[in-house]
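Observations on chain architecture
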Amino acid sequence: MEQAYDSMGWRTLKQVECGFRQGCPLSSYLFIMCSELLTEAFKRNGSKIGVKVAPKADIVSHLQYADNIINFSDATRKNARKIKKILKNYSSWTGQKISNTKSSMIFGKAVQRGMSKVLSKFMGFKVVDEMNYLGIKMTFRRLKASDYQDVLEKAYDKLNGWGNLALTLAGKLQLIKTSLLSIPVFISTHSLVPMGVLRDLEKLCRNFLWTKQDKSSGIHYVEWKQLCRQIKFGGQGAVSAPDRVGSWRAKFAWNLFSIPDSLLNRILIAKYGKNFCFSEIKLGSSPTWKIINNGGKFLQQIVKWKVSDGESINTTKDIWILDKSINKWPTFVSNIHDEQSCLKHYIHNGSWNFNNLNQSFGKELVDQISSVPINVGIQGDDLENLFKYSGTITRNGKYAPIDIRSWDQMPKSLKKNMLEVVQEKFEITRGSDVWVLQSIGKKWRNSKADVKSRYYDPNMPTELQLCNVPKRILKDQWKNLISYRNSEESMIYYHNL
């Protein structure tokens, strides 16, 4: 068949007698195909429908995740008629129906009450002051601590369910780590949750841990800060939610930065500039920028700039040479003016401008800077993250042996050595070491799976397999790995997976 996807027509889909039901692997693809119709309809018939947050930003008409759709538009009768027509056509094309009882409308303060009533009656949707979209509360006012009480309510519901169980301290601690402390992760990553709410959640965790079986208050024998330390440092591996918010948002900031063509990235660049992740927060900034900027501060400790044109790099504040920013070097005294703060000032035609470098830095530092490569082939400066460097560690058998069965069985001494190697290259903030080890563990598992798929053949004799040693694998480790994979214990283990 030639171009099967392009040749598939709606008549063919309609002729399938069994239909597409829940659980069918084709149903999700069909749903995505149908969803594209709505996007195309807005592009063709609703080009002027939508909002812009900046003059050069994209117009956003709607956002869609599965069957949850949110539309943005000026509050006019003309736009309401267009939106209703588009949704009506979409329903007739796909067979999906709009749930008027679940749909609602939010109007800005500038919209008169009479106009909001007219548009609400025309669309058949109720008017509300706030709504939840994908678990995030949306409103035109500033959110308060009372708006996040559902976080505590979820914790109370779990605690009420566990109240009658006879649990040991170890059992309670396990429930706290796996269930209670996971509640605020999503909402804290995508919303400005007040720290007081997170501290109240920690208080609930502490009380649950030390409360006796007869519901009487018990003595807190160990402080919470000690319990939040890693097990190897004498703690229990719990998570302090207020201290981890920055790390959670750092992952969100990195995902945004690594996809430059995303809609959110283009909008934020149009409003706040190209280097919005690491720039200073301004008065009246949006919550989205505050969240990403907060994550950027934590992300900045474990990334390093790859120099291209120097436009996005601050000469003294950003990490682009060795493992620290220049202003943190104990022997460096800054005499750089504002016009020299951008690294672009020291680059000319894809090479270092030594005249400008010698005016601002000493000879030893100029020699060090000249050893930094300028990547002319890439478009704009780019960030190198810790995940990329962790891959080089996991491919080194000296640090991460490949003949160990699982990451959980990796000796603590080897994990400590891997972490120390990373700390030699990057400044790791407190609390980020767990994230670093999780990254290394993921890379190690992927590397091991890659070696298995490329070099291991169960049908090949053991003698030949032992001779087929991959270049980056130590011979003794390869021998142990082959011996285990060909053993009866291994066959039983993988058969039961």
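Computed from a predicted structure; not experimentally measured.

1. Structural notes on the confidence of the model for the chain
The predicted model of the chain has a mean per-residue pLDDT of 80, with 86% of residues at 70 or higher. Low pLDDT (under 50) marks residues 1–8, which in the prediction has two contacts with non-local residues, meaning those over four places away or in another chain. Considering only residues more than four positions removed or in separate chains, one finds that residues 493–497, a stretch of pLDDT under 50, has four contacts.

2. A few points about the environment of E311
With respect to the element layout, E311 can be found in the loop between strand 7 (303–306) and strand 8 (347–348). Residue E311 is classed as partly exposed on the basis of its relative accessible area, which comes to 43%. On a C-alpha basis, the gap between E311 and L343 in space is 6.5 Å, while along the polypeptide they are 32 residues apart. Aside from chain neighbours lying at most four places away, what touches E311 is C342, K344 and D381.

3. Some details on the pairing of strand 6 (residues 136–139)
Bridge analysis of strand 5 (residues 130–133) against strand 6 gives four bridges, and the strand direction is antiparallel. Counterpart to N132 in the pairing with strand 6 is K137. Adjacent in sequence and paired antiparallel, strand 5 and strand 6 are bridged by two residues, among which L134 carries a positive phi angle near 55 degrees.

4. Overview of the nonpolar core
Within soluble globular proteins, side chains that are nonpolar tend to cluster in buried spots. By size, the foremost hydrophobic cluster in this structure holds 31 residues, and its most contacted members are V307, W320, I321, L343, W352, F361 and I369. If you tally residues by element for this core, the top one is helix 11 (residues 241–257), at five residues. Each residue touching L343, except ones within four places of it in the same chain, is listed here: V307, G310, I313, T315, W320 and W352. Counting 28 residues, the second-largest nonpolar core is a separate cluster that includes L159, I176, L181 and L209.

5. Focus: helix 6 (residues 149–162)
Here helix 6 spans 20 Å end to end across 14 residues, near enough to the 20 Å set by a 1.5 Å rise per residue. In this structure, the buried side of helix 6 is in contact with helix 7 (169–178), helix 8 (185–190) and helix 9 (195–210).

6. Some remarks on the packing of helix 3 (residues 27–45) against helix 4 (residues 77–94)
Closest axis-to-axis distance for the helix 3/helix 4 pair is 10 Å, and the angle between their directions is 150 degrees. Taken together, the axis directions place helix 3 and helix 4 in an arrangement best described as roughly antiparallel. You can see that helix 3 and helix 4 cross each other, and the crossing is right-handed. The residues of helix 4 that touch helix 3, namely those facing C34, S35, L37, L38, A41, F42 and N45, are K82, I86, L87, Y90, W93 and T94. Class assignment for the residues of the contact of helix 3 with helix 4 results in nine nonpolar, three polar and one charged.

Conventions adopted
- Residues numbered from 1 in each chain as written.
- Predicted model: local features only at pLDDT ≥ 70, side-chain atom pairs only at ≥ 80, totals over all residues.
- Heavy atoms only, no water.
- pLDDT = per-residue confidence, 0-100.
- Contact = heavy atoms within 4.5 Å.
- Helix = DSSP H or I, 4+ residues; strand = E, 2+ residues; numbered from the N terminus.
- Buried < 20%, exposed > 50% of the residue type's maximum accessible area, 1.4 Å probe, protein only.
- Pairing = 2+ DSSP bridges.
- Core = buried A, V, L, I, M, F, W, Y, C linked by side-chain atoms within 4.5 Å.
- Expected span 1.5 Å × (residues − 1).
- Axes fitted to C-alpha atoms, helices over the stretch in contact; angles between N-to-C directions.
- Parallel < 35°, antiparallel > 145°, perpendicular 65-115°, else oblique.
- Left-handed = near helix turned anticlockwise from the far one by under 90°.
- Nonpolar A, V, L, I, M, F, W, Y, C, P; charged D, E, K, R; others polar.

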